[in-house]
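# Tertiary structure, described
Residue-level listing of the chains:
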Amino acid sequence: MKTIVGIRIKKPGKIYYFDPGKIEFKIGDNVIVETALGEEYAEVVIPNKEVSEDRIVSPLKPVKRKATDRDKKHYEDNKRKEKEAFDIALKNIKKHKLDMNLIDVEYKFDNSKILFYFTADGRIDFRELVKDLAAIFKTRIELRQIGIRDEIKRIGGNGICGRELCCCSHLANFETVSIKMAKEQNLSLTPSKISGACGRLMCCLKYEQEVYEEKLSRLPKVGAIVKTDEGEGIVSNVEILKEMLTVKIEDKDNVKYKKCNAKDIVVIKDVEVEEDENVEDSELEELEKLEELDKEDMNS
């Protein structure tokens, strides 16, 4: 077993394990850590905790120290300077007539570098811009082109569910999302209903998929013939998360619909999943385009 402390450098973002040494940390403590990009001002999200050796990548870097009031002031000063740097960069982008959209500016804690994040439709020759910015700020300048998902993650906003976007609140990594996931989750295949603020398929389809796959492996499909305590019938609806089925039972001239718990029925004959005939070709084409764009984002 190894004692670790979980550190988050940015919110939202990955949690990294560090060696706490002899210091006792609690959730919410601000700390200074050394990363591959230099010193960072970060926050403790997991207090001192023992984990198995196979869950960590050795050797763990040590936490340099708890953040002091001076560190906090320096961090806040950097945040203020980021806003000023943003305005200065915008003016220089216009001066060089570059077709790029500046999204965010980030000062490294030790002021060794300033990062400017932007989006653009293609490759941008920003060499002259970098020279101008380096002359103004007297430090290393790095321009990073980011994708549409990362843009929204930095801008923020709310999803169609009314809550803060997953990528802005807790989602650390982006993963490829497919139309198949929406189908298996019984969602409308209307592009506007399963697309996020970024215009890509919603991230929540991916991290909920494992639960749906596990449940679907145990549930009959719509159209399956099943046996209930009131006779045989055909499954007309499946509530996947609740594991409830609506079964259509015909008895001579009578037809009734019975709601059953999946564990209380016996599957006589299941069916293959059929394509949704209610989806218009134009909507399917748009969804397939979104799926391809998502793959391109992941590979870029």
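So, a few notes on the structure that sits alongside this text. (Residues numbered from 1 in each chain as written. Predicted model: local features only at pLDDT ≥ 70, side-chain atom pairs only at ≥ 80, totals over all residues. Heavy atoms only, no water.)

Secondary structure assignment for the protein chain yields eight helices and 13 strands. Relative to the compact-globule value of 19 Å for 300 residues, the protein chain shows a C-alpha radius of gyration of 26 Å, a clear excess of over 25%. Taken along the three principal axes of its C-alpha coordinates, the protein chain extends 85 × 55 × 30 Å. Here the protein chain holds 300 residues, and the buried ones make up 36% of them. Accessible area of the protein chain: about 18,800 Å², with a carbon and sulfur share of 48%. (Helix = DSSP H or I, 4+ residues; strand = E, 2+ residues; numbered from the N terminus. Rg over C-alpha atoms; globule rule 2.2 N^0.38 Å. Buried < 20%, exposed > 50% of the residue type's maximum accessible area, 1.4 Å probe, protein only. Areas by Shrake-Rupley, 256 points an atom, 1.4 Å probe, with all protein chains shown as cover.)

Ranked by size, the top nonpolar core spans 17 residues in total, and within it Met100, Phe116, Leu133, Phe137 and Leu143 carry the most contacts. Elements that contribute at least two residues to this core include exactly helix H1 (69-95), strand S6 (101-107), strand S7 (113-119), helix H2 (127-137) and strand S8 (140-145). In this structure, Phe116 is in contact with Ala85, Ala89, Leu102, Asp104, Val105, Leu133, Phe137, Ile141, Glu142, Leu143 and Arg144, ignoring residues within four places of it in sequence. (Core = buried A, V, L, I, M, F, W, Y, C linked by side-chain atoms within 4.5 Å. Contact = heavy atoms within 4.5 Å.)

This paragraph deals with helix H3 (residues 148-155). Among the residues making up H3, those that are buried are Arg149, Glu151, Ile152 and Lys153. The first or second residue beyond H3 is Gly156, which carries a positive phi of 90 degrees.

Attention shifts here to the pairing of strand S3 (residues 30-35). Pairing of S3 with strand S4 (residues 38-51), which is carried by six bridges, proceeds in the antiparallel orientation. Note that in S4 the partner of Val31 across the bridge is Ala42. Taken together, S3 and the strand that follows it, S4, pair antiparallel across an intervening segment of two residues. Looking at chain direction, S3 and strand S5 (residues 63-66) are connected through three bridges and run antiparallel. (Pairing = 2+ DSSP bridges.)

Here the focus is the sheet that holds strand S9 (residues 225-228). If you walk across this open sheet you meet the five strands as S12-S11-S10-S9-S13, and the pairing is antiparallel. Either end of the sheet is taken by a strand with one partner, and the two such strands are strand S12 (254-261) and strand S13 (266-269). Put simply, the sheet's adjacent strands are angled 40 degrees from each other on average, direction ignored. Pairing geometry for S9 and S13, over three bridges, is antiparallel. Bridged to Lys227 within S13 is Val266. (Axes fitted to C-alpha atoms, helices over the stretch in contact; angles between N-to-C directions.)

On to the environment of Pro47, then. For Pro47, the location among the structural elements is in strand S4. Residue Pro47 is classed as partly exposed on the basis of its relative accessible area, which comes to 30%. Residues within four places of Pro47 in sequence aside, it is in contact with Ile4, Val5, Phe25, Lys26 and Ile27.

That's the geometry; what it means functionally is another story.
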